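Given next are the chains, with one letter for each unit.
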Amino acid sequence: MNICCIGAGYVGGPTMAMIASRCPDITVDVVDVNEERIAAWNSNELPIFEPGLDEIVTETRGRNLHFHTDVKEAIRAADIVFVCVGTPTKAAGIGAGKAADLRFIELAARTIAEVSDSPKIIVEKSTIPVRTAEALHTILSANSEHGTFQVLSNPEFLAEGTAMVDLAAPDRILIGGETTLAGNQAVETLAGIYASWVPRERIITTNLWSSELSKLVANAFLAQRISSINSISALCEATGADVDEVANAIGTDSRIGPKFLKASVGFGGSCFQKDVLNLSYLCEHFGLPEVAEYWDQVIRMNDWQKNRFTKKIVSTLFNTVTGKRIAIFGFAFKKDTNDTRESAAIYVCRDLLLEEAKVAIYDPRVSTDQIRKDLLAAGVPQDCLDCNLEISESAKAAADQAHGIAVLTEWDQFNKLNWPTIHESMFKPAFLFDGRNLLNHAELRAVGFDVYTIGKGAEGS
Ligand code: UDX
Ligand code: UDX
């Protein structure tokens with residue numbers, strides 16, 4: 001069997017590497033229009049960092065896993081085509097700022113239709129609005145002379161930073177298909193591939209629309225939990241309660257559960273905001289404005305939390321950060337990834353730069369280029385970046401001569417720093433803003449830091 005995956009990104013690359021590893025009899029071609037990205041997949045420096053990914057790519061690349069740019073040939077040879085191209089939020093036109101931009105999905109469908117001369121199963125991996133499969137099917141059948149197609153929805157639930165573990169032992173695999181004989185057969189074919197390593201009872205099959213919608217709903221529920229605990233973090237600060245203690249107390253209720261209750265400077269990542277906005281847009285489209293408004297609030301709360309954190313830095317530093325050096329520890333949207341998409345750090349740094357602070361950023365995985373690109377795209381003028389942004393070699397270097405430190409990503413290494421030396425090199429009072437509630441605050445206070453944490457009073461633990 002031959003599999004082709006269109007889109008060698010954070011989802012396509014790791015997912016296909018796992019299939020190639022667990023199914024040595026299947027040939028997997030991962031194709032992408034981006035030549036640079038493909039070259040990186042074929043080098044020793046993979047384009048994305050994911051613990052465990054290097055090993056599995058080394059095992060399979062050149063054996064039954066191939067990365068290249070010959071999209072048409074790979075599609076022609078494939079029995080199953082996974083569509084893993086991006087579905088960003090629309091920037092212009094109807095639904096701008098909320099609806100998903102499906103141009104890459106449509107382009108993929110048209111290319112598949114153009115080159116196919118045999119029956120194929122088309123798998124939507126990209127997160128898409130409900131009923132996209134219908135559109136895909138229409139485009140495919142209207143444009144193909146010889147191909148016949150079954151469209152399946154098979155959303156990916158991996159989280160970055162733990163992608164390989166999530167792929168190796170997923171909570172569930174979800175496959176949606178047409179409820180016809182041919183549809184059921186296609187679902188079975190795809191289920192058979194996953195069954196090589198995933199227990200059958202974890203492979204859930206549904207109709208197409210349930211599968212498409214479940215992906216959006218799963219991300220919306222996860223994002224909602226973070227916004228919920230973040231809203232409570234503000235109340236904790238006002239009342240002297242401790243948000244970690246509250247999270248622990250409520251999380252032990254098995255109906256609530258302990259996961260995704262970590263208060264933070266705000267959630268980021270390529271999916272949460274995009275998918276909640278997309279869900280809300282769908283609700284509006286189907287005439288359910290109250291439901292749309294309910295989900296919009298999850299995003300509003302997240303924006304408020306990021307903004308609240310920056311304002312806290314400015315007000316604590318005596319209401320001005322102009323010309324003051326502020327060290328930023330961590331720029332990725334979470335630890336163990338080099339991905340910065342929608343990272344809270346982008347917005348905190350942007351707002352500090354616009355307040356004319358001197359911002360010194362250290363992140364162990366994110367490149368200087370990426371940081372500059374993100375800040376420019378977020379609206380920081382070039383000359384402001386040139387004058388006031390420094391990308392530091394280490395956390396210690398970033399903190400040297402700084403007035404404050406903001407921890408924005410929960411990298412483990414920040415807990416192992418030599419904090420007394422860092423304190424010594426800073427202006428006094430030395431302020432520390434822990435946007436992840438990561439550090440040992442009592443120890444840091446003993447060292448001499450003025451510590452601000454999310455969801456704890458000034459003297460919080
Ligand atoms: C993407 C989507 O963002 C997400 O909604 C979906 O669930 C899975 O696919 P990700 O893999 O993180 O997630 O995106 P990205 O890293 O941007 O990768 C997409 C790749 O598709 C890029 O490398 C891009 O070059 C490629 N692409 C895009 C094509 O090969 N052809 C196209 O027409 C468009
Ligand atoms: C998410 C979903 O978890 C995954 O199933 C889906 O396929 C893609 O979107 P991802 O964005 O990679 O995965 O990471 P996730 O671990 O969900 O974290 C998202 C953001 O929420 C990060 O910024 C993280 O720091 C933040 N977060 C997470 C919190 O602030 N508190 C928490 O308790 C958990």
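As a reminder, the structure under discussion sits directly above these lines.
Residues numbered from 1 in each chain as written. Chains lettered and ligands numbered in written order. Predicted model: local features only at pLDDT ≥ 70, side-chain atom pairs only at ≥ 80, totals over all residues. Heavy atoms only, no water.

Engineer: Quick one: what's the story with the site of ligand 2, residue by residue and with numbers?
Structural biologist: In the vicinity of ligand 2, 20 residues are found, and the nearest of them are Phe-157, Glu-160, Ser-264, Lys-334 and Arg-436. In this structure, Lys-215 approaches ligand 2 through a side-chain N or O atom, which is 3.0 Å from an oxygen atom. Measuring from an oxygen atom of ligand 2, one finds a side-chain N or O atom of Ser-264 at 2.7 Å. Considering every element that reaches the shell around ligand 2, the biggest residue donor is helix H9 (residues 208–239), with 4 residues. In terms of residue class, the shell around ligand 2 is built from 11 nonpolar, 3 polar and 6 charged. (Near = heavy atom within 4 Å. Polar contact = N/O pair within 3.5 Å; in protein donor to acceptor, adjacent residues only side chain to side chain. Helix = DSSP H or I, 4+ residues; strand = E, 2+ residues; numbered from the N terminus. Nonpolar A, V, L, I, M, F, W, Y, C, P; charged D, E, K, R; others polar.)

Engineer: An account of the site of ligand 1 is needed here, citing residue identities and associated values.
Structural biologist: Lining the immediate environment of ligand 1, one finds 20 residues, of which Asp-32, Arg-37, Thr-87, Lys-274 and Arg-341 sit closest. Measuring from an oxygen atom of ligand 1, one finds a side-chain N or O atom of Asp-32 at 2.5 Å. A distance of 2.8 Å is found between an oxygen atom of ligand 1 and a side-chain nitrogen or oxygen belonging to Arg-341. In isolation ligand 1 offers 680 Å² of accessible surface; the protein chains occlude 88% of this area. Looking at the shell around ligand 1 residue by residue, the class counts come to 8 nonpolar, 7 polar and 5 charged. (Areas by Shrake-Rupley, 256 points an atom, 1.4 Å probe, with all protein chains shown as cover.)

Engineer: Can you explain the pairing of strand S13 (residues 431–434)? Please cite residues and give values.
Structural biologist: On S13, burial covers both faces: Phe-431 and Phe-433 on one face and Leu-432 and Asp-434 on the other are all buried. The pairing of strand S12 (residues 404–407) with S13 spans 4 bridges and is classified as parallel. Its bridge partner being in S13, Gly-404 is matched across the sheet by Phe-431. In this fold, S12 hands off to helix H17 (residues 419–424), which returns the chain to S13; that crossover is right-handed. Of the strand pairs in this sheet, S13 and strand S14 (residues 450–453) are connected by 4 bridges, and their pairing is parallel. The residue bridging Leu-432 from the neighbouring strand is Val-451, located in S14. Handedness of the S13-helix H18 (residues 441–447)-S14 crossover: right-handed. (Buried < 20%, exposed > 50% of the residue type's maximum accessible area, 1.4 Å probe, protein only. Pairing = 2+ DSSP bridges. Right-handed = clockwise from strand over helix to strand, strands pointing away.)

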